[in-house]
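# Survey of secondary and tertiary structure
One letter stands for each residue in the lines below.
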Amino acid sequence: MENTFTDLSHINVRGGDGGAGCMSFRREAFVPKGGPDGGDGGRGGSVIVEADPQLSSLIDYRYKHHFKAERGTHGQGARRHGRDGDDLVLRVPVGTVVRELDPVTQTPVFDLADLTSPGERVVVAPGGAGGRGNIHFVTSVRRAPAFAEKGEPAREHWIELEMKLMADAALVGMPSVGKSSLIARMSAARPKIADYPFTTLVPNLGVARAASGQSFVVADVPGLIEGASEGRGLGHQFLRHIERTALILHVVDVTGGYEGRDAVEDYRTINEELAAYASELAERPQIVVANKCDLPETEGAVARLREAAEADGREFFAVSAATGLGLDALVSRCAAEVSRLRAEAAASAPVVDLSERWERERERRDRRISVRREERHAWRVSGSQIERMVIQTDWENDEAVAYLQHRFERCGLDDALAKAGAVNGDEVRILELAFTFEGGDDAPDYDELVEDEASFDVEEGEE
């Protein structure tokens, strides 16, 4: 049977295009000079990623990779506005990290959000803005604007979804030390169990319940090997699942397995790998579990391992997944420790919905404009908001082009270009279009020209 756990997916998302604004004038009997009445285009729907506590994997994104929201409809005369497109909500497990991907290399560029609370959401592909109808461009000197804005095409890009387990405790250790057998004994989980290394290739989750009635979520993380922190084996893929767990259950096979390994050396090796991967993991609460203690001639290894664990200030339990020896005491102690850690975490950092924070960060990125010298006489201007202004302009309408120049001046672009070193006659490039700069000095000192780059937030004033 195919395993349905999926913890990393790359998907392509695109919001809906915005509808075009309408250029229209009121026309009816006995109103010979009706004013502008063009309605606005509807905003395109957005693609939103939302944390859903009912999900446990990213299997929904294993075979389908392209997602697009509904487009907005166009505005019409008589001030009839277009309908907004419906949002598309993509549900993911709690504990999913959302990242922007480089379009060429498909490597992560920056984090968009870390969804750790049920219902927390982030807009990953905002819908295109609807174009404004000509009713918005009336001024004291422009009484009959004969232009409207086009709808904004939505941006299409790739994102990464990475699920990190939200378990309370994680079973870690070398391959074939009995982690899968332990989680099967401790909970209702039924993982694949066999006597060869790397039987477990994906984490398994189970709910363990102590005699006191306390319960906790435990994860069986695939076996680690020496060098896992450097990516040997599947080290990085497995280690990242331990990052969110409050308690580590370090399982050691006191028989040494088929290779005849030393139990204390295994214990030291895994702890070194945890510390090398993330220093805070070395300080994470840890209980050392000696497994297979029912087998003969293990007393010496158990005693040496107990001494090493207690020397590090860690609790020690000798158990057997095969017979159930010591498991009730282990589960009760884990439940009590998880309860204590939960209380500490709630007191120090209560769970909050950060949806508004992710939206503010997205809006800040959207407002950011950069000015960069590409050639001696040419500058590249980039940024979502400034590019939106260009896209929504009707270039066949002189009034619309003049209005765009007014917006450039009002949002501070002309000043930013001059401050960066642009002079009259320089070329300004935005997307595939080029403009001639007319807001700077006439005599540049080319001896002082450098590969300048400036950036600022656009704060466009009111009409």
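I will try to describe carefully the structure that is included in this document. (Residues numbered from 1 in each chain as written. Predicted model: local features only at pLDDT ≥ 70, side-chain atom pairs only at ≥ 80, totals over all residues. Heavy atoms only, no water.)

## Quick look at the overall build of the chain
Cut-off, in case you're wondering: In this text, helices come from DSSP runs of H or I with a minimum length of four residues, and strands from runs of E with a minimum of two, each type numbered from the N-terminal end. Partly exposed describes any residue whose relative accessible area lies between the buried limit of under 20% and the exposed limit of over 50%, with all areas from a 1.4 Å probe on protein chains only and scaled to the type maximum. Only heavy atoms enter the contact rule, under which two residues are in contact if any of them lie within 4.5 Å. Here the open area of atoms and residues is found with the Shrake-Rupley method and a 1.4 Å probe, where only the protein chains shown may cover a residue.
For the chain, the count of helices and strands is 9 helices and 19 strands. The buried share among the 463 residues of the chain stands at 48%. Long-range contacts, defined as pairs at least 24 residues apart, comprise 72% of the intrachain contacts of the chain with a sequence gap of at least 6. Of the roughly 22,900 Å² that the chain leaves accessible, carbon and sulfur atoms contribute 49%.

## What to know about the pattern of salt bridges
Going by this rule: Put simply, a salt bridge is a Lys or Arg side-chain nitrogen that is within 4 Å of an Asp or Glu carboxyl oxygen.
Inspection of the entire model under this criterion finds 30 salt bridges. The salt bridge partner of E375 is R429, with a shortest N-O separation of 3.3 Å. Of the two residues, E375 sits in strand 15 (residues 368-375) while R429 sits in strand 17 (residues 427-430), which places them 54 residues apart along the sequence. Judged by its relative accessible area of 18%, R429 is buried. In this structure, a network of salt bridges that share partners links the residues R372, E374, E375, R380, E427 and R429.

## Side note on the packing of helix 3 (residues 263-277) against helix 4 (residues 299-311)
Operational definition: Angles run from 0 to 180 degrees between N-to-C directions of axes, and those axes are lines fitted to C-alpha atoms, restricted for helices to the stretch in contact. Classes in brief: Ala, Val, Leu, Ile, Met, Phe, Trp, Tyr, Cys and Pro nonpolar; Asp, Glu, Lys and Arg charged; the others, Gly included, polar.
Relative orientation of the contacting elements helix 3 and helix 4 amounts to 35°, with a least axis distance of 8 Å. For the pair formed by helix 3 and helix 4, the contact residues are A263, V264, Y267 and R268 on the first element and A301, R304, L305, A308 and A309 on the second. Looking at the contact of helix 3 with helix 4 residue by residue, the class counts come to 7 nonpolar, no polar and 2 charged.

## Quick word on helix 3
For an α-helix, the turn length of 3.6 residues means that residues three or four places apart are oriented alike. Applicable threshold: To estimate the expected span of a helix, count its residues, drop one, and scale the result by 1.5 Å. Polar contact is defined as a pair of N or O atoms within 3.5 Å, subject to the rule that within protein one atom must be able to donate a hydrogen and the other to accept it, and that residues adjacent in sequence are counted only when both atoms are side-chain atoms.
Spanning 15 residues, helix 3 covers 22 Å between terminal C-alpha atoms, matching the ideal 21 Å at 1.5 Å per step. Within the sequence span of helix 3, burial applies to A263, V264, D266, Y267, T269, I270, N271, E273 and L274. The opening residue of helix 3 is D262, an N-cap whose side-chain oxygen sits 3.1 Å from the backbone nitrogen of V264.

## So, the packing of aromatic side chains
We count it as follows: When two rings of Phe, Tyr or Trp (its six-membered ring) have centres within 6.5 Å they constitute a pair, described as stacked for plane angles under 30 degrees, edge-to-face for angles over 60, and tilted for the intermediate range.
Under the defined criterion, the tally for this structure stands at 6 aromatic pairs. Between Y61 and F67, the ring centres sit 5.6 Å apart and the planes meet at 70°, which makes this aromatic pair edge-to-face. Per residue, the accessibility class of Y61 equals that of F67, and both read buried. On the numbers, 5.6 Å between centres and 40° between planes, the contact of W395 with F435 is tilted.

## With respect to the sheet that holds strand 12 (residues 247-253)
Heads up, the condition is: At least two bridges found by DSSP between two strands are what make those strands a pair.
Ordered in space as 10-11-9-12-13-14, the 6 strands form an open sheet in which the pairing is mixed. The open sheet has two edge strands with one neighbour each: strand 10 (204-209) and strand 14 (315-318). Averaged over all adjacent pairs, the angle separating strand axes in this sheet is 25°, with direction ignored. Pairing analysis gives 6 bridges linking strand 10 to strand 11 (residues 215-220), with the strands arranged antiparallel.

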